[in-house]
Amino acid sequence: MIRNYIKTTSKIKKEITFFLISDLHYFKPKDLKKCQFILEEIHKRKPAYLIIAGDLLDSSNIAHEHFFINFIKACALETTVLIGIGNHDITFIENKRTLYDRNKNFWKQLNKIKNVYVLDNKNFETDELCIFGITLPYSYYYEKLDVKDFLNQYLTDTNSQKLNMLLAHDPSITSKYDMTSYDIVLSGHTHNGMIPKILEKVAKNRGLISPAKKFFPEKIRGRFWIKNTDIIISGGITKLSKRSKLSFLDAFCAHELTIITLKPE
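Computed from a predicted model, the values in this text were never measured in an experiment. (Residues numbered from 1 in each chain as written. Predicted model: local features only at pLDDT ≥ 70, side-chain atom pairs only at ≥ 80, totals over all residues. Heavy atoms only, no water.)

J.: What's the story with the overall build of the chain in this structure? I'm lost.
T.: If you tally the helices and strands in the chain, you get 6 helices and 14 strands. Relative to its length of 265 residues, the chain is compact, with a C-alpha radius of gyration of 17 Å against a globular reference of 18 Å. Dimensions of the chain along its principal axes, counting C-alpha atoms only, are 50 × 40 × 40 Å. The proportion of buried residues among the 265 residues of the chain is 55%. Total accessible area on the chain stands at roughly 13,100 Å², and carbon and sulfur atoms take up 52% of it. In the chain, which carries 40 positive and 29 negative side-chain charges, the distance between the mean positions of the two groups comes to 4 Å. (Helix = DSSP H or I, 4+ residues; strand = E, 2+ residues; numbered from the N terminus. Rg over C-alpha atoms; globule rule 2.2 N^0.38 Å. Buried < 20%, exposed > 50% of the residue type's maximum accessible area, 1.4 Å probe, protein only. Areas by Shrake-Rupley, 256 points an atom, 1.4 Å probe, with all protein chains shown as cover. Lys, Arg positive; Asp, Glu negative; His and termini not counted. Charge placed at Lys NZ, Arg CZ, Asp CG, Glu CD.)

J.: Whenever I open this one, the side chain of His-189 confuses me. Can you help?
T.: Its place among the elements puts His-189 in the loop between β11 (184-187) and α6 (200-203). Using a relative accessible area of 11% as the deciding quantity, one classes His-189 as buried. In terms of polar contacts, His-189 uses its side chain to reach the side chain of His-169, at 3.1 Å. Leaving out residues up to four positions away in the same chain, His-189 has contacts with Ser-22, Asp-23, Asn-87, Tyr-141, His-169, Asp-170, Pro-171 and Pro-211. (Polar contact = N/O pair within 3.5 Å; in protein donor to acceptor, adjacent residues only side chain to side chain. Contact = heavy atoms within 4.5 Å.)

J.: Teacher, can you tell me more about the sheet that holds strand β4 (residues 80-84) here?
T.: The strands that make up a sheet are held in pairs by hydrogen bonds between backbone atoms, and each pair lies either parallel or antiparallel. One open sheet accounts for 6 strands, arranged β1-β14-β2-β3-β4-β7; its pairing is mixed. Both edges of this open sheet fall to β1 (2-9) and β7 (116-118), since each of them pairs with a single strand only. Taken over all neighbouring pairs, the strand axes of this sheet differ in orientation by 20° on average, direction set aside. Pairing geometry for strand β2 (residues 16-21) and strand β14 (residues 257-264), over 5 bridges, is antiparallel. Counterpart to Ile-16 in the pairing with β14 is Leu-262. Helix α3 (residues 104-111) contacts β4 and β7 of the sheet and is inclined by roughly 140° relative to β7. (Pairing = 2+ DSSP bridges. Axes fitted to C-alpha atoms, helices over the stretch in contact; angles between N-to-C directions.)

J.: When you look at the nonpolar core in this model, what are you seeing that I'm missing?
T.: Nonpolar side chains tend to gather and get buried jointly when the protein is soluble and globular. Membership of the largest hydrophobic core comes to 33 residues, with the highest contact counts inside it found for Leu-50, Ile-52, Phe-68, Phe-71, Ile-72, Ile-83 and Leu-110. Counting only elements with at least two residues in this core, the list comes to β2, α1 (36-45), β3 (49-53), α2 (65-76), β4, α3, β7 and β14. Examining the composition of this core, we find that 6 residues originate from one element, α2, more than from any other. Leaving out residues up to four positions away in the same chain, Phe-68 has contacts with Leu-24, Tyr-26, Leu-32, Leu-56 and Phe-106. Counting residues in hydrophobic clusters, the runner-up holds 21 residues, among them Ile-16, Phe-18, Leu-129 and Leu-262. (Core = buried A, V, L, I, M, F, W, Y, C linked by side-chain atoms within 4.5 Å.)

Structure, rendered in structure tokens:
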């Protein structure tokens, strides 16, 4: 499934196209089959950027990671790849407990690829754009701790002369922190609210269930605004990973690519 969004702004002089994806949840080489259409669309449409809004991995301790790295290399041959980090990228499960682990070797390999930028609490800037990737801490996802001080530490470096974009895996921070200094927030994490294909048109931006296991949540998919900040949530490539007992339901949900076109006013 491809969603198209257009945003006009006075902060750019020429049209810029972004591809946004999230939640690949790579666990084994077969998982890359569902990503093949991304490469095909990149080759066909030639976007300026591919942005991945976190959860590249299903678990930080994956095997056969070189297959996934080769996929990213193939993307980077055709476009600039900007990568955010999600909760599955920094954790693994052991004895039914979710434990913290960064898999430093994996991220080190990604950072070595030409045209790939891992935005781990870092900026990517051009003459017109400032894109900041925030890596929300383990405590935010699994200990439900207040991270306002953490956000205050990092979310201060905006430039009013540029188009400011925030790459944050979990869109729920937009309701917990003042985002007015950002023009656009790009997220994933919600798995499209687990909406099956047949309910896409009637569901609008509601979902069936949220990552916090809340039923029928609002503003969990698609596009909405908070004041003047444009919030765009990728529905994700994978809804239920192969490790889930309900993984067969993934076939009933769309693998989503979001195309964002920025146009000058």
